[in-house]
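Listed here are the chains, written in short residue letters.
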Amino acid sequence: MLTGLPFLLAIAAAVLFLILSSSRLKWHPFFGLLLAATGLGLIIGLDLPKVISLLKDGFGGLIGSVGLLIVLGSIIGVALERSGAARRIAELLIGGGGNIGLRLVVLGAVISIPVFCDSGFIILAGLLPALALRAGGKVAPLALSLAGGLYLTHTLIPPTPGPLAAAANLGADEFIGTIMLLGAIISLPVIFVTWKAAGWFGDKIKALPPVSPEEDNSALPSLFQSLLPLLIPILLIALGSILKLATNGQGITAYILWLCEPTVALALGCIPALLLPSAVSKTSWIGDGLSLAGPILIITGLGGAFGAVLKASSLASDVAGWVGNEPLSGTALLCLGWAVAALMKSAQGSSTGALVISSGIIAPLLPLAGFASATDLALMTLAIGGGAMTISHANDSYFWVVTRFSGIEVADAYRSYTPLTAVMGITVLVAVLVISVVV
């Protein structure tokens, strides 16, 4: 089997192929990941039947871990979007007070947990002109605040598909509650930095969002109806994490823990989501949720296949040999995970793709740093999530959503939104490193 420097060059070639296949050749990521995983397996010395077996096991294993979570989360997100529940939640979080930029960052962070950031920005961008008028300021800082908030939890907090897939690749799919809790803690300083940075960058540019028609808010669901699909899974998953720490999981606690399993919790969240009022058939919500989840499931599974090939390689033993008798520094590994994800994000544009591929590369190295606990694996997932938001530019579909629906010129977006995502990603890394030292 290929080892040492030639092996590292083979990995670099596979990553370069992934980047070029999407950015230059414009191939669908499906073909790029499939060919990269197969080619890497053959180049490092695995025979074809072994490579095929690894691809099948890696694909099926990752889909088995997070597939239902992605599907159920997508259905809840579509229901909140189509019913108007997302706008009702926006009314609650924006309210009538000051610091509208900060409120918009928080709003984006909350909405983007179940709703994809692209859809969230399209839904909420129509609020920006009225909010700017109320605040007596410019639209651009508010647009960047909303864009940053939506982007933040999209890459950090499950049940968004990217963090779910990264957690499964890293063996942290049993610690979703821990990832959500630490992700929420890390989000607090990032929210503050995003608010301040959005104000600073936004003051230097102009934004002229397209005029949106007036909407009839009387038809929106009640606040209680709107929040229930969000609160049920979040509170159940949080309760499960607490019970695992505080009890032995016996007796009636075992039944409560079953209800707190992420898959069950999200399934229960789907019930009030599908009971939200609608003028169209709810069947279309389910169909749209499945359509949204399908491509993500394929990419997620192929990321697992790529990771399976790496796990069967000599990557871990080679790094162990280079490190020697000393254990690999946890800080160094967290920084490496962030850097690999940042490279993949900047090069090929997709945050989900960056999370999936980077976690597959890092997973074989976890034992070298003694990463096995829930906290260690959660922090690694979050470090990779921070890298996967660094940086967003023209090869990222969300970049074009932000520019189109905020009215920010592309050149101005490169001077404002793109550096904002860099600041956010670096802040996530700093927060992860601080927590890793404290806990």
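First things first, this report covers the structure right here in the doc. (Residues numbered from 1 in each chain as written. Predicted model: local features only at pLDDT ≥ 70, side-chain atom pairs only at ≥ 80, totals over all residues. Heavy atoms only, no water.)

### Some remarks on the packing of helix H16 (residues 330-348) against helix H21 (residues 417-438)
Line of reasoning, step 1. Packing of H16 against H21 brings their axes to within 11 Å, and their N-to-C directions diverge by 160°. Taken together, the axes of H16 and H21 are roughly antiparallel relative to one another. For H16 against H21, the interelement crossing comes out right-handed. Side by side, H16 and H21 meet where Thr331, Leu334, Cys335 and Trp338 of the first sit next to Gly425, Ile426, Leu429, Val432, Leu433 and Ser436 of the second. (Axes fitted to C-alpha atoms, helices over the stretch in contact; angles between N-to-C directions. Helix = DSSP H or I, 4+ residues; strand = E, 2+ residues; numbered from the N terminus. Parallel < 35°, antiparallel > 145°, perpendicular 65-115°, else oblique. Left-handed = near helix turned anticlockwise from the far one by under 90°. Contact = heavy atoms within 4.5 Å.)

### Considering the nonpolar core
Line of reasoning, step 1. Ranked by internal contacts, the top residues of the largest apolar core, which has 143 residues, are Ile186, Phe306 and Tyr398.
Line of reasoning, step 2. The element that contributes the greatest number of residues to this core is helix H3 (residues 48-83), accounting for 14 residues.
Line of reasoning, step 3. When near neighbours in sequence (up to four residues on either side) are disregarded, Phe306 contacts Ala14, Leu18, Leu33, Ala36, Ala37, Leu40, Ile357 and Ile361. (Core = buried A, V, L, I, M, F, W, Y, C linked by side-chain atoms within 4.5 Å. Buried < 20%, exposed > 50% of the residue type's maximum accessible area, 1.4 Å probe, protein only.)

### Digging into the state of the cysteines
Line of reasoning, step 1. Per the counting criterion, the structure on display carries 0 disulfides.
Line of reasoning, step 2. Looking at Cys270, it has no disulfide partner, and the nearest cysteine sulfur is the one in Cys260, 16 Å off.
Line of reasoning, step 3. Judged by its relative accessible area of 7%, Cys270 is buried. (Disulfide = S-S within 2.5 Å.)

### A look at the environment of Ala143
Line of reasoning, step 1. With respect to the element layout, Ala143 can be found in helix H8 (residues 139-156).
Line of reasoning, step 2. Overall, Ala143 belongs to the buried group, its relative accessible area being 0%.
Line of reasoning, step 3. Here the alpha-carbon distance between Ala143 and Gly60, two residues 83 residues apart in the chain, equals 40 Å.
Line of reasoning, step 4. Those residues in contact with Ala143, other than ones at most four positions away along the chain, are Phe121, Leu128, Ser406 and Ile408.

### Describing unusual backbone geometry
Peptide bonds are, in most cases, trans, and in most cases residues other than glycine have a negative phi.
Line of reasoning, step 1. With an omega dihedral of 10°, the bond running from Pro158 to Pro159 counts as a cis peptide bond.
Line of reasoning, step 2. Locating Pro159 in the fold gives a position in the loop between H8 and helix H9 (161-169).
Line of reasoning, step 3. Here the amide bond leading from Thr390 into Ile391 is cis, since omega sits at 0°, within 30 degrees of zero.
Line of reasoning, step 4. Turning to its location among the elements, Ile391 is positioned in the loop between helix H18 (374-387) and helix H19 (397-406).
Line of reasoning, step 5. Backbone geometry at Lys26 places phi at a positive 60°, although glycine is not the residue there.
Line of reasoning, step 6. Relative to the helices and strands, Lys26 resides in the loop between helix H1 (4-23) and helix H2 (29-43).
Line of reasoning, step 7. Judged by relative accessible area, which is 64%, Lys26 ranks as exposed.

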